[in-house]
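Structural features, examined
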Amino acid sequence: MSNLEGAPVEASDVRGRVAELHAIREQVRRGPSERATQAQKAKGKLTARERIELLLDEGSFTEVEPLRRHRASGFGLEAKRPYTDGVITGWGTVHGRTVFVYAHDFRIFGGALGEAHATKIHKIMDKAIAAGAPLVSLNDGAGARIQEGVSALAGYGGIFQRNTKASGVIPQISVMLGPCAGGAAYSPALTDFVFMVRDTSQMFITGPDVVRAVTGEEISQNGLGGADVHAETSGVAHFAYDDEETCLEEVRYLLSLLPQNNRENPPRVESEDPADRLGEALLDLVPADGNRPYDMRKVIEEIVDDGEYLEIHERWATNIICALSRLDGRVVGIVANQPQSLAGVLDIEASEKAARFIQMCDAFNIPIITLLDVPGFLPGVDQEHGGIIRHGAKLLYAYCNATVPRISVILRKAYGGAYIVMDSQSIGADLTYAWPTNEIAVMGAEGAANVIFRKQIAEADDPEAMRSRMVKEYKAELMHPYYAAERGLVDDVIDPVETRSVLIRSLAMLANKHADLPARKHGNPPQ
Ligand SMILES: CC(=O)SCCNC(=O)CCNC(=O)[C@H](O)C(C)(C)COP(=O)(O)OP(=O)(O)OC[C@H]1O[C@@H](n2cnc3c(N)ncnc32)[C@H](O)[C@@H]1OP(=O)(O)O
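Since this is a predicted model, take the numbers as computed values, not measurements. (Residues numbered from 1 in each chain as written. Predicted model: local features only at pLDDT ≥ 70, side-chain atom pairs only at ≥ 80, totals over all residues. Heavy atoms only, no water.)

In this section: the pattern of salt bridges. Per the stated rule, a full pass over the model turns up 33 salt bridges. The salt bridge partner of Arg-198 is Asp-228, with a shortest N-O separation of 2.8 Å. On the criterion of sequence distance, the pair formed by Arg-198 in the loop between strand S7 (193–197) and strand S8 (202–204) and Asp-228 in helix H9 (residues 227–234) is long-range, its members being 30 residues apart. Connected through shared salt-bridge partners, Arg-198, Asp-228, Glu-232, Asp-242 and Arg-315 make up one network. (Salt bridge = Lys/Arg side-chain N within 4 Å of Asp/Glu carboxyl O. Helix = DSSP H or I, 4+ residues; strand = E, 2+ residues; numbered from the N terminus.)

Now the structure itself:
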């Protein structure tokens, strides 16, 4: 028999050796000690194996290198060589499709990454890339293993390099389930989606102690890098949940909406929701008066299959909505202005959020539906000095670069540069529709009249009466609902109730869209 720290005792026959193997396996399964497990539970956290069980289909996990141990020395490491070396790696299935996974075991060296631990992760990442299947990391590790020095740091380099190589090839999902500092925060930042759990997970480059020493700021771990901070303020996390069970269930849901790799389409399902269902409610959801707010989420619910969608970055940059959903069983990415948050303007954060989402959709063959109700870019010194020009350009670049089917629907306002940026026909949308409530223009009629009729208004006996006459004139001349359609700038003006069926027919037509791009190493997108 063997123990976790020592070498196996030799058994003399086959049965004896098999028994020994099973005994070792049992030790590996149990982990380092009951005390360590209790400490993990006391922090409100599940163990790495429990997490893997929740993530994957029942009984589907196959572990790789469970018997791996480090060969490092010094600081008493020779006497502490637990199996797995603090990370459990392998593959299983989610909804029947292969998914690779690695999970830090915080009970072993606080899940800290040493050389052997890192090479296990490298191996599983290489296998995920080769097999063309998603990679999910379950992060609960204290960063580089301090006792192993620069060997541990090099291990991170290998992870970053593979994250980048896999980017746009296989979906990569990072689930943050404990404190993740330094190197442990950068790998997730390179992946497609970051999930966090409130109170138990944190991400930061340097912890509160270093922050206090350098800047004098006092802040808790959660205040610095907790789930709410990253889901609402920094935008580092795409999703935040109250508990690990819900979090891992949502990872499974996200995976059901993604293809296995960039050579596949996302999985289509049978939809029970009729493709020709009319959305009568849309007539009441969206006020014709462009200044009145409404909840764009309700519009999305009315259009998509069974009202179901998964919102990404739900609480960050809320003036734009990014969501994955289905139309007649086909996965779509929805980008929509949200008139009830900052009137749906585009600002720095909204541009960044939507740009990354569009890039992800394009990489993984997910058609993009854009729902427009946008008054323009947010004016202001903060925005200009913060670089709205280059951040807004990210959104423009992402749309222009996307070769997946692209369909836009203009619900109400579509003004100026924001109209062009939000997947107008002129930047390559395949199909553009407008509701009869559309207001496509360079700017709102009030603003336009104030500029071009400034002289007449100023010289009039009754400037206010003159202004309102000019606004009316401008609207009648240049902003009537058929102005863009008459010029072929939209493909049709549609009855809002038909939006779902029009989109479904359009997606079916575009299903085999193919676009050839000029040869180049890669573009140089604005950053
Ligand atoms: C490139 C880079 O990654 S640089 C970043 C390097 N990492 C760090 O600086 C983080 C250092 N660790 C910490 O700050 C804390 O351990 C935290 C916040 C992660 C977790 O705190 P706690 O939940 O209180 O756990 P605790 O500190 O008891 O650690 C658990 C065990 O992991 C060990 N451990 C923690 N961090 C590391 C580490 N980086 N390397 C090796 N062992 C570590 C602890 O010594 C402890 O071991 P023990 O159970 O044998 O006593």
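Attention now goes to the UniProt feature "domain: CoA carboxyltransferase C-terminal" (unreviewed entry) in the protein chain. As annotated by UniProt and renumbered to match this structure, "domain: CoA carboxyltransferase C-terminal" (unreviewed entry) occupies residues 274–509. Taken end to end, residues 274–509 is 42% helix and 19% strand, and its first and last C-alpha atoms sit 18 Å apart. (UniProt positions renumbered as here; feature names shortened; annotations may be inferred.)

Bringing the packing of aromatic side chains into the picture now. Taken as a whole and assessed by the stated rule, the structure comprises 6 aromatic pairs. Ring plane angle 15° and centroid distance 5.9 Å describe the contact between Tyr-156 and Phe-160, whose orientation is recorded as stacked. Pair noted here: Tyr-156 and Phe-160 are both in helix H5 (residues 149–166), with a separation of 4 residues, about one helical turn. When its relative accessible area of 23% is taken as the criterion, Phe-160 is described as partly exposed. One aromatic cluster in this structure is built from Phe-193, Phe-195, Phe-239 and Tyr-241. For Arg-69, the ring lying beneath its charged end belongs to Tyr-83, and the centroid distance is 4.1 Å. Over the ring of Tyr-483 we find Arg-487; its NZ or CZ atom is 3.6 Å from the centre of that ring. (Phe/Tyr/Trp six-rings, centres within 6.5 Å; stacked < 30°, edge-to-face > 60°. Buried < 20%, exposed > 50% of the residue type's maximum accessible area, 1.4 Å probe, protein only. Lys NZ or Arg CZ within 6 Å of the ring centre and 35° of its normal.)

It is worth spelling out the layout of surface pockets at this point. Of the volumes computed, that of the largest pocket is approximately 1500 Å³. For the lining of the largest pocket, the secondary-structure elements that each account for two or more residues are helix H6 (183–190), S7, helix H13 (348–363) and helix H15 (388–401). Considering every element that reaches the lining of the largest pocket, the biggest residue donor is H13, with 10 residues. Here the lining of the largest pocket spans two domains, since at least three of its residues come from each of domain 1 (25–257) and domain 2 (281–438 + 481–510). When its volume is computed, the second largest pocket comes out at roughly 740 Å³. In terms of lining residues, the second largest pocket is bounded by 29 residues, among which Val-28, Arg-29, Arg-30, Arg-49 and Glu-53 are the most central. Among the elements of the structure, helix H1 (14–30), helix H2 (34–42) and helix H3 (48–55) are those that each provide at least two residues to the lining of the second largest pocket. Here the lining of the second largest pocket gets 7 residues from one element, more than from any other, and that element is H1. Residue composition of the lining of the second largest pocket, grouped by class: 9 nonpolar, 7 polar and 13 charged. (1 Å grid on protein atoms, 1.4 Å probe; cavity = no way out; pocket = protein on both sides within 12 Å on 5 of 7 lines; lining within 4 Å. Points joined across faces, edges and corners; volume = space filled by probe spheres on them. Domains from an automatic or database assignment. Nonpolar A, V, L, I, M, F, W, Y, C, P; charged D, E, K, R; others polar.)

Let's shift gears to the pairing of S7. Burial runs high along S7: 5 of the 5 residues are buried. Along S7, one buried face is formed by Phe-193, Phe-195 and Val-197 and the opposite face, lined by Val-194 and Met-196, is buried too. Note: strand S5 (residues 172–176) against S7, 4 bridges, orientation parallel. Note on S7: the bridge partner recorded for Met-176 is Met-196. As defined by bridge partners, S7 adjoins strand S9 (residues 239–241) across 3 bridges and the pair is classed as parallel. Within S9, the residue paired with Val-197 across the bridge is Tyr-241. (Pairing = 2+ DSSP bridges.)

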